[in-house]
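# Fold and geometry: a report
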There are 2 protein chains.
Amino acid sequence: MSLSALPGFRDVFPEALARRRQIFGVWREVAKRYGFEEYDGPPLEATDLYTRKSGDEIVGQLYRFEDKGGRDVALRPEMTPTLARMVAQRASALRKPIRWFSIPQLFRYERQQRGRLREHFQLNMDIIGEAGPLADAEVIGAAVDILRGLGFGPSEVRARVSDRRVLAELLGAEFGVGAEELHGVLAGLDKFDKSPEAAAEAVQQALAGDAQRAQAVMDLAGRLGEPGELLGRGAAAPLRECVDALGAMGLGAFVDVDFRIVRGLAYYTGIVFELFDAGRSLRAICGGGRYDALLKQIGGVDLPMVGFGMGDVVLGELIADRDGPPVAASPVQVFVATVGEDDRAAALALAHALRERGIGVEFALKKQALGKQLELAASRGATHAVVIGPDERAARQAVVRSLATKTETRVGLDALAGDYAF
Amino acid sequence: MSLSALPGFRDVFPEALARRRQIFGVWREVAKRYGFEEYDGPPLEATDLYTRKSGDEIVGQLYRFEDKGGRDVALRPEMTPTLARMVAQRASALRKPIRWFSIPQLFRYERQQRGRLREHFQLNMDIIGEAGPLADAEVIGAAVDILRGLGFGPSEVRARVSDRRVLAELLGAEFGVGAEELHGVLAGLDKFDKSPEAAAEAVQQALAGDAQRAQAVMDLAGRLGEPGELLGRGAAAPLRECVDALGAMGLGAFVDVDFRIVRGLAYYTGIVFELFDAGRSLRAICGGGRYDALLKQIGGVDLPMVGFGMGDVVLGELIADRDGPPVAASPVQVFVATVGEDDRAAALALAHALRERGIGVEFALKKQALGKQLELAASRGATHAVVIGPDERAARQAVVRSLATKTETRVGLDALAGDYAF
């Protein structure tokens, strides 16, 4: 009888759930401040929805099966196809720009590595229907503000921003890289950080084996981290506007222009960005950019789109590196205890009255000595015990005991049910 | 190119999501007040976890497949097996009674009927490690308080409470129904509300075709709605204690003792209950009870357990019957507008400062006439527009325009970034 979850899946005990709720809370709070509305979609979709967007490694990692109705279905590996489908349903009715976010659980059957799970939750924030760089600045700003909301500053977290259009212009003008070669070259450059050798090989392959051009591109790759001259090119105007906007928002200290960021996926068409921990000891915290052709490809509606995905796993590691492992935060603030069985009805009435005030309350569910009850109260992390005995009942009072200071005061039942401050 | 979700799955647009968050919010708030901690588990489990508990219709409705690693897996149709597995992992370390809740999404491939989906979200609240009837009262009280928290009173929602032990004693003492016949008879009685004929047939079958005893049981079935005499039996002592406790909590007006509630599933061992809309026009809002043998059966740990499941679908219908369909609540409170392009940097700084205050803010993402910007502001449901032009910038001010009253006032930028009350 196995007690474990499937490999790559998480059992989320209360302490881990508390950390997840901290992350989700900041995600929702920042999304709200930025004027984004929440949506959700099915975790199971027709497989066809994911294969419409071809050339993607995702398809090989699908949890895919045939349902009892003979449909080819898959657990969702990403949210964007569902978003595209939903937006397309209401494309003309929705006021543009559409600002939507969601927190789906996503599934991929990957070979397991440390910290690499087969499911995770991922915030998706997208602006649909606006092609200008202020939209890009909005979603990058929101991503940065989430990290700020979790207490991280510019010395801990960096946003690296780039624009594929600048690279495309440069590669075209200086090395004659055509549209048909571009994605292969960019996908190769994307590997540069991890392995310059693998990058060189991929670039040469994308250039039909032309070693001379490949070498020239790789020489360039080494200089992409210093954006100075590139940022002055004509194609960099949107990127400059985006970076300026982030500066005006007061977030400039977090932002590096870094043309080494190209994002591996073929569907990005403009500005791309990733957030990293400053020490680069973890994988990317978040990644996104502009994908203006995707909505048409998946949903048949021609609307520009920019957005990002931010998972709960790397974010959880970042917080754990700073704060240590999560601790359970007990919801119990007040423990109602009784002296004898005759006090039970009064205790139940008081417990319910305190709960009506929004206070987290527990009491012993069976006959127990007062000492045992107070022990349970302490183990739950309650700040106070409220004790009712025959004398207290007669006086319509209870004894409020601070579990920290061990001090006691008698308080009227009406005050306890009213506005008594624990 | 299909734009629809799979049959039985929901696309949750922002207005529907807002209602879901209303429901989830009350679920979490009441659970917290009752001292319950939240946990979560994987939506995909080994199929074996669900087949351990045999004799269940659930197994035939599983979304079941083989994963790429050759494992027989299934989308979770219910949370209790995962809970049992998780509790068993930490059975000795966890302080009893364990009060845990979760809000899983569950999946069943059922034939579709109106309002019958293939996925739903379900609040699960359980108390583990306490066999006494105060634990039952706690979970029933929490279920009732959730409905109260959503604004429903005793004339709209009823809790029907019963105890299988009373029926077992009665059926044994008066009709000689033995332990091996009991589940079949109870499962038959469970059908009585929907179809007395089907109930009679099932009961007779459970009694090996004995028409005389079956008739006697069915005569009894007609009288189970009037609990008077049954509630006086010795086996009804825990039920009386539970009902008294609910009365002491002030929830007695919601509670009916009704022995027609038996719950169809074999694993219930004591008190069982369901919540219904008073008019009985919908399916049960929630159902639960005591299942003291289940944790041992699934997780190998012998701990008593009582709990319930409450889905989001019927609850949503109940709210919609009262409040009408959900409406989108825009997160945008303040719209920041500019007179010209030169005002953009100041507008971005102000927008971000307002967001830092927790206010939902939007602004135009492209160059637009002021009138157009104010139109977008109104369509978002913003209460105020804040307009910045050259004169305002020079004076370090902005014009605050109420979109309801069309009145305008000039306010300093520092006050707007500070504590100005919109």
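The rules we used
- Residues numbered from 1 in each chain as written.
- Chains lettered and ligands numbered in written order.
- Predicted model: local features only at pLDDT ≥ 70, side-chain atom pairs only at ≥ 80, totals over all residues.
- Heavy atoms only, no water.
- Axes fitted to C-alpha atoms, helices over the stretch in contact; angles between N-to-C directions.
- Helix = DSSP H or I, 4+ residues; strand = E, 2+ residues; numbered from the N terminus.
- Parallel < 35°, antiparallel > 145°, perpendicular 65-115°, else oblique.
- Left-handed = near helix turned anticlockwise from the far one by under 90°.
- Contact = heavy atoms within 4.5 Å.
- Disulfide = S-S within 2.5 Å.
- Buried < 20%, exposed > 50% of the residue type's maximum accessible area, 1.4 Å probe, protein only.
- Polar contact = N/O pair within 3.5 Å; in protein donor to acceptor, adjacent residues only side chain to side chain.
- Phe/Tyr/Trp six-rings, centres within 6.5 Å; stacked < 30°, edge-to-face > 60°.
- Lys NZ or Arg CZ within 6 Å of the ring centre and 35° of its normal.
- pLDDT = per-residue confidence, 0-100.
- Salt bridge = Lys/Arg side-chain N within 4 Å of Asp/Glu carboxyl O.
- Pairing = 2+ DSSP bridges.
- Domains from an automatic or database assignment.
- Least-squares fit on C-alpha atoms with pLDDT ≥ 70 in both.
- Core = buried A, V, L, I, M, F, W, Y, C linked by side-chain atoms within 4.5 Å.
- Buried area = accessible area lost by both parts, 1.4 Å probe.
- Nonpolar A, V, L, I, M, F, W, Y, C, P; charged D, E, K, R; others polar.
- Arc of directions from axis to C-beta.

## Brief notes about the packing of helix H1 (residues 14–33) of chain B against helix H4 (residues 133–149) of chain B
All names here are of chain B. In contact at an axis separation of 9 Å, H1 and H4 are set at 135° when each is read in the N-to-C sense. Between H1 and H4, the crossing angle belongs to the class labelled oblique. At the point where H1 passes H4, the crossing takes the right-handed sense. Listed contacts from H4 to Val26, Trp27 and Val30 of H1 are Ala142, Asp145, Ile146 and Gly149.

## A few points about the state of the cysteines
Residues and elements named next belong to chain B. Applying the stated criterion to the full structure yields zero disulfides over all chains. Residue Cys242 stays outside any disulfide, its sulfur separated by 13 Å from that of Cys286, the closest cysteine. By relative accessible area, Cys242 is classed as buried at 0%.

## Some details on the side chain of A:Glu119
Residue and element names in this part refer to chain A. With respect to the secondary-structure elements, Glu119 resides in strand E7 (residues 119–128). Here Arg10 takes part through its side chain, which lies 2.9 Å from a polar atom of the side chain of Glu119. At a separation of 2.9 Å, a polar atom in the side chain of Glu119 contacts the side chain of Gln105. Non-local contacts of Glu119, meaning those with residues more than four positions away in its chain, are made with Gly8, Phe9, Arg10, Gln105, Leu106 and Phe107.

## As for the packing of aromatic side chains
Evaluated as defined, the whole model comprises 27 aromatic pairs over all chains. Summarising the aromatic geometry, the rings of B:Tyr267 and B:Tyr291 are spaced 5.3 Å apart at their centres and angled 70° between planes, so their arrangement reads as edge-to-face. Pair noted here: B:Tyr267 is in the loop between strand E9 (255–257) and strand E10 (271–277) and B:Tyr291 is in the loop between strand E11 (286–290) and helix H11 (294–299), with a separation of 24 residues, a long-range link. By the burial criterion, B:Tyr267 is buried, and B:Tyr291 matches it. Here the aromatic cluster, defined as three or more aromatic residues joined through ring pairs, consists of A:Phe9, A:Tyr63, A:Phe65, A:Phe107, A:Tyr109, B:Phe9, B:Tyr63, B:Phe65, B:Phe107 and B:Tyr109. Residue placement shows A:Arg90 over the ring face of B:Phe13; its charged tip is 3.6 Å from the ring centre.

## Side note on the confidence of the model for chain A
This prediction gives chain A a mean pLDDT of 93; 98% of its residues lie at or above 70. Taken together, the chains of this predicted complex give a pTM of 0.95 and an interface ipTM of 0.94.

## Looking at the environment of A:Tyr39
Here A:Tyr39 is to be found in the loop between strand E1 (37–38) and strand E2 (44–46). Sequence spacing of A:Tyr39 and A:Ile103 is 64 residues, and the spatial spacing of their C-alpha atoms is 8.4 Å. With near-sequence residues (within four places) excluded, A:Tyr39 lies in contact with A:Met79, A:Leu83, A:Met86, A:Trp100, A:Phe101, A:Ser102, A:Asn124, B:Val12, B:Pro14 and B:Leu17.

## A look at the pattern of salt bridges
Across all of its chains, the model carries 77 salt bridges over all chains by this definition. A salt bridge links A:Lys366 to B:Glu130, with the shortest nitrogen-to-oxygen separation between them at 3.9 Å. Of the two residues, A:Lys366 sits in the loop between strand E14 (361–363) and helix H14 (370–379) while B:Glu130 sits in the loop between strand E7 (119–128) and H4, which places them in two different chains. The exposure class assigned to A:Lys366 is partly exposed, which follows from its relative accessible area of 44%. Through salt bridges with shared partners, a single ionic network connects A:Glu29, A:Arg33, A:Asp145, A:Arg148 and B:Glu356.

## Observations concerning the sheet that holds strand E13 (residues 334–338) of chain A
All names here are of chain A. Within the open sheet, the five strands sit side by side as E14-E13-E15-E16-E17. Their pairing is mixed. Edge strands, defined here as strands with exactly one partner in the open sheet, are E14 and strand E17 (408–412). Put simply, the sheet's adjacent strands are angled 30° from each other on average, direction ignored. Here strand E16 (residues 397–402) runs beside E17; their pairing, made up of five bridges, is antiparallel. Bridged to Val400 within E17 is Thr409. Strands in contact with helix H13 (residues 344–356) are E13, E14, strand E15 (384–388) and E16; relative to E14, the strand with the most contacts, it is inclined by about 165°.

## Notes on the domain arrangement of chain A
Per the domain assignment, the segments of chain A are domain 1 (14–323) and domain 2 (334–417). With centres defined by C-alpha atoms, the gap from domain 1 of chain A to domain 2 of chain A works out at 53 Å.

## As for the relation of the copies chain A and chain B
For the pair of chain copies, the relating transformation is a rotation about an axis with a translation along it. Take chain A, turn it by 180°, move it 0.0 Å along the axis, and it overlays chain B with an RMSD of 0.0 Å. The two molecules are tied by a two-fold rotation axis, judged by turn and shift. No C-alpha of chain A approaches the rotation axis more nearly than that of A:Phe65, which lies at 3.2 Å. With an isologous cut-off of 70% or more, the 100% of interface residues of chain A that recur at the interface of chain B puts this contact in the isologous class.

## Examining the nonpolar core
Of all hydrophobic cores here, the largest spans 95 residues; its most connected members are B:Ile146, B:Leu147, B:Leu171, B:Ile285, B:Phe308 and B:Met310. Broken down by element, this core gets its largest block of residues, ten residues, from H4(B). The residues contacting B:Leu147, other than those within four sequence positions of it, are B:Phe152, B:Val157, B:Leu275, B:Ile285, B:Met310, B:Leu315 and B:Leu318. Counting 93 residues, the second-largest nonpolar core is a separate cluster that includes A:Phe121, B:Ile359, B:Val386 and B:Val400.

## Some thoughts on the interface of chain A and chain B
It is common to give the size of an interface as the accessible area lost on bringing the parts into contact. Each partner contributes to the interface: chain A provides 103 residues, whereas chain B provides 103 residues. Of the roughly 8700 Å² buried where chain A meets chain B, counting both sides, 58% is carbon and sulfur surface. Seen at the junction of chain A and chain B, the total is 44 residue pairs in polar contact (both at pLDDT 80 or more). By residue number, the principal contributor to the side of chain A that touches chain B is helix H1 (residues 14–33) of chain A, which donates nine residues. Tallied by class, residues from the side of chain A that touches chain B come to 50 nonpolar, 17 polar and 36 charged.

## Considerations on unusual backbone geometry
All names here are of chain A. Note that the residue after Lys96, namely Pro97, is joined by a cis bond; omega there is -5°. One non-glycine residue, Ala208, lies in the positive phi region at around 55°. Its location among the elements puts Ala208 in the loop between helix H7 (196–206) and helix H8 (211–221). Given the relative accessible area of 73%, Ala208 is considered exposed. Positive phi, close to 50°, is recorded for Arg396, a residue that is not glycine. By the secondary structure assignment, Arg396 is in the loop between helix H15 (390–394) and E16.

## A few points about H14(A)
Residue and element names in this part refer to chain A. What H14 keeps buried is the set Gln373, Leu374, Leu376 and Ala377. All buried residues of H14 lie within an arc of 155° about the axis, which places them on one face of the element. Here the buried face of H14 lies against E13, E14, E15 and E16. A positive phi of about 80° marks Gly381, the residue just after H14.

## Overview of the side chain of B:Glu181
As for its placement among the helices and strands, B:Glu181 is situated in helix H6 (residues 179–190). If near-sequence neighbours (up to four positions away) are discounted, B:Glu181 is found in contact with B:Gly176, B:Ala206, B:Leu207 and B:Arg213.

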